[in-house]
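So you can see what is in the structure, the chains are spelled out below.
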Amino acid sequence: MTWPLSPMEHHVCQADSTCGRPSRFRARLEAADGRQPVRKSAEACAGHLGDMVQALTIWARGHHLTEGQLTVLVIDPPFNGLCLLARADHSGPEMAGFAFSTIRLTE
């Protein structure tokens, strides 16, 4: 497992810098540090899904982030043509996949 998750091209596994496989999962960490909202996300292939989730929760714990959650989404394979993303509602974020797991952050 590589940490911190390195900034890489979107839709490529970010959990291991030597992987290079297409990402199939995205994790979105949303929490608060007492002053402001904290958001972090990463993508991983199926083989590194557990590593990605573990790395983000360890990072959140190390930064004393609570009252938040880590949402894991299944995302579609990269699309080479024009792709429009639908919004969950008019004011909400773009939908980037199917959320299949939500992990609450605790101390």
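Refer to the structure printed above.
Conventions adopted
- Residues numbered from 1 in each chain as written.
- Predicted model: local features only at pLDDT ≥ 70, side-chain atom pairs only at ≥ 80, totals over all residues.
- Heavy atoms only, no water.
- Pairing = 2+ DSSP bridges.
- Helix = DSSP H or I, 4+ residues; strand = E, 2+ residues; numbered from the N terminus.
- Axes fitted to C-alpha atoms, helices over the stretch in contact; angles between N-to-C directions.
- Patch = residues over 30% accessible without salt bridge, like charges linked within 9 Å, V, L, I, M, F, W, Y side chains within 5 Å.
- Areas by Shrake-Rupley, 256 points an atom, 1.4 Å probe, with all protein chains shown as cover.
- Salt bridge = Lys/Arg side-chain N within 4 Å of Asp/Glu carboxyl O.
- Buried < 20%, exposed > 50% of the residue type's maximum accessible area, 1.4 Å probe, protein only.
- Phe/Tyr/Trp six-rings, centres within 6.5 Å; stacked < 30°, edge-to-face > 60°.
- Lys NZ or Arg CZ within 6 Å of the ring centre and 35° of its normal.

Draft legend 1. Spotlight on the sheet that holds strand 3 (residues 66-74). Spatially, four strands are ordered 2-1-3-4 in an open sheet, and the strand pairing comes out antiparallel. Each edge of the sheet is formed by a strand with only one pairing partner; in this case those strands are strand 2 (37-44) and strand 4 (98-104). Adjacent strand axes in the sheet meet at a mean angle of 15° when their direction is disregarded. With six bridges joining them, strand 3 and strand 4 adopt antiparallel strand pairing. Looking at strand 4, one finds that Val-72 is bridged to Ser-101.

Draft legend 2. A nonpolar patch on the surface, seen in detail. There is a patch of nonpolar side chains on the surface, built from Val-74, Phe-98 and Phe-100 and spanning about 290 Å² of accessible area. Here Phe-100 shows up in strand 4. Given the relative accessible area of 41%, Phe-100 is considered partly exposed.

Draft legend 3. Expanded view of the packing of aromatic side chains. Under the counting rule described, the total for this entry stands at one aromatic pair. When the centroid spacing of 5.8 Å and the interplanar angle of 65° are considered together, the rings of Phe-25 and Phe-100 count as edge-to-face. Remark: Phe-100 occurs in strand 4 and Phe-25 occurs in strand 1 (residues 25-32); sequence separation between them is 75 residues. For Phe-25, a relative accessible area of 14% translates into the label buried. Above the face of the Trp-59 ring, Lys-40 is positioned so that its terminal group lies 5.0 Å from the ring centre.

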